[in-house]
Every structure is written in structure tokens, then in C-alpha cells.
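Analysis of the macromolecular model
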Amino acid sequence: MKFLFDLFPIILFFAAYKFAGIFAATAVAIAATVGQIGWVWFRHRKVDTMLWVSLAIVTIFGGATLLFHNPTFIKWKPTVLYWFFAAALLVSAYGLRKNLIRTMLEAQMKLPEPLWNPLNLAWAAFFAVMGCLNLLVAYNFSEETWVNFKLFGGMGLMLVFVLAQGMLLSRYIEEEPK
């Protein structure tokens, strides 16, 4: 359910694009992200840092898209977000000696110590590649293809990546006795 909730602004962006074009979709994405934060705050009285970062990036790049009436800015938004995630994982691991993937997943799964750093690196590499793929599609294909890639390609690649990691890590996850 959280996964779908996280996709809420992207799904609304996609739907708005299909009915009203890139500029209306951009405004909808900004409003949906603000609404998403409002809902999370109302329910939990706390908003994750990554959601605040996402709001800042969509507001800056979406706002520039609307202000300058130029879709290039919103096309850069996913890349900036992906690269921010990659940089945060790497800086945290190598600069601060803190593994963010471990921090997020340790409560859900117990892995042998030597696996956490490669897992963190794999996620950083995934986000870096996704940022490059976004630019490749944005600059070499139609706007409609980019919008479709943003929803279906991004979500599909994320799903494949998570499933592949799940299969690789499953042999290390111990089942709890019943």
C-alpha cells in the first residue's frame, strides 16, 4: 500500500498529462506531492526526509517548467531525484560511515554483515543508472514516450530490480520459527 501511495503523484501526473498536457500535469504533480505530505503529516505527525526532498525538487523543477513554460525542467526532475538518492547513499556510506539501506531495511531483514555494503552500492548504482536512463529517454524520444517511461518504465525497472535483489538475498534471510 505504501508503494502505491508513493506513486500517487506520478500516477496523477500521468493521468493529467493524458487529458490536459505537460503543464497541467506538472501543476497536478506539485499539488499531489503537497497533498501527499499533508496526508502523511495528518496521519503520523512526521514526514520522511525523502518526501520533503521530493517536494522540494518537484516544486523547483515543476515551478520552473510552469514559470518558463518549458517542459525541459520537469523532464530533469526524476534524474535530479535519482541522482540525489544515489549521492545520499554513497556520501552516507563513505563520508559518514552509515549505511542508509541497512538503516531502512534492518528491521525487516537480517543479513550477514558483508552483504550490507554491496546492497547499498547496488541501490546507489541503480539510482545513478535510472537518472541516466531518464535523460536518455527525455532527449531522444517524444514527450509522450518520456511520460510513459516515467510511470511504466521507472516502475517496471524498480520492480525488476527489487525482485532480483529479493531472489539474491532470499538465501540469507532466515525464517522465524512458528
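Whatever comes next refers back to the structure up there.
Analysis parameters
Residues numbered from 1 in each chain as written. Predicted model: local features only at pLDDT ≥ 70, side-chain atom pairs only at ≥ 80, totals over all residues. Heavy atoms only, no water. Salt bridge = Lys/Arg side-chain N within 4 Å of Asp/Glu carboxyl O. Buried < 20%, exposed > 50% of the residue type's maximum accessible area, 1.4 Å probe, protein only. Helix = DSSP H or I, 4+ residues; strand = E, 2+ residues; numbered from the N terminus. Axes fitted to C-alpha atoms, helices over the stretch in contact; angles between N-to-C directions. Parallel < 35°, antiparallel > 145°, perpendicular 65-115°, else oblique. Left-handed = near helix turned anticlockwise from the far one by under 90°. Contact = heavy atoms within 4.5 Å. Nonpolar A, V, L, I, M, F, W, Y, C, P; charged D, E, K, R; others polar. Phe/Tyr/Trp six-rings, centres within 6.5 Å; stacked < 30°, edge-to-face > 60°. Expected span 1.5 Å × (residues − 1).

With that out of the way, let us pick up the pattern of salt bridges. Inspection of the entire model under this criterion finds 3 salt bridges. A salt bridge links Arg102 to Glu106, with the shortest nitrogen-to-oxygen separation between them at 2.9 Å. With a relative accessible area of 32%, Glu106 lands in the partly exposed category. The partner of Arg102 in a salt bridge is Glu113, with the nearest N and O atoms 2.7 Å apart. Of the two residues, Arg102 sits in helix α5 (residues 100-105) while Glu113 sits in helix α6 (residues 113-140), which places them 11 residues apart along the sequence. Here the salt bridges share partners, and the residues they tie into one network are Arg102, Glu106 and Glu113.

Let's shift gears to unusual backbone geometry. Positive phi values are uncommon outside glycine, yet Arg45 reaches one of about 60°. Mapping Arg45 onto the fold places it in the loop between α2 (22-44) and α3 (49-68). Its identity is not glycine, yet Arg97 carries a phi of approximately 60°, on the positive side. With respect to the helices and strands, the residue Arg97 is situated in the loop between α4 (72-95) and α5.

Turning to the packing of α2 against α3, a few remarks are in order. Across the interface, α2 lies against α3 with an axial gap of 9 Å and an inter-helix angle of 155°. In terms of orientation, α2 lies roughly antiparallel with respect to α3. The handedness of the crossing between α2 and α3 is left-handed. Mapping the contact onto sequence places Phe23, Thr26, Ala27, Ala29, Ile30, Thr33, Val34, Gln36, Ile37 and Val40 in α2 and Leu51, Trp52, Leu55, Val58, Thr59, Gly62, Gly63, Thr65 and Leu66 in α3. Of the residues belonging to the contact of α2 with α3, the class tally is 12 nonpolar, 7 polar and no charged.

Now for the environment of Ala87. Note that Ala87 resides in helix α4. Classification of Ala87 by relative accessible area gives partly exposed; the value is 36%.

This next bit is on the packing of aromatic side chains. Using the criterion set out here, one finds 13 aromatic pairs in the structure. Summarising the aromatic geometry, the rings of Tyr82 and Phe127 are spaced 6.1 Å apart at their centres and angled 20° between planes, so their arrangement reads as stacked. Taken together, the positions of Tyr82 in helix α4 and Phe127 in helix α6 put the pair 45 residues apart, joining distant regions of the chain. In terms of burial, Tyr82 and Phe127 fall into one category: buried. Ring plane angle 90° and centroid distance 4.7 Å describe the contact between Trp123 and Phe161, whose orientation is recorded as edge-to-face. Of this pair, Trp123 sits in helix α6 while Phe161 sits in helix α7 (residues 143-169), placing them 38 residues apart in sequence. The residues Trp123 and Phe161 share a single accessibility class, namely buried.

The next thing to look at is α4. In an α-helix, one turn spans 3.6 residues, which is why side chains three or four residues apart end up on the same side. Helix length check: α4, at 24 residues, gives a terminal C-alpha distance of 32 Å against a target of 34 Å (1.5 Å per residue), a fit within 8%. Arg97 sits one or two positions beyond α4 and adopts a positive phi of about 60°.

Mapped onto the elements, Thr26 comes out in helix α2. For Thr26, a relative accessible area of 0% corresponds to the buried category. Ignoring sequence-local partners within four residues, the contact set of Thr26 consists of Phe13, Gly62, Thr65, Leu66 and Ile74.

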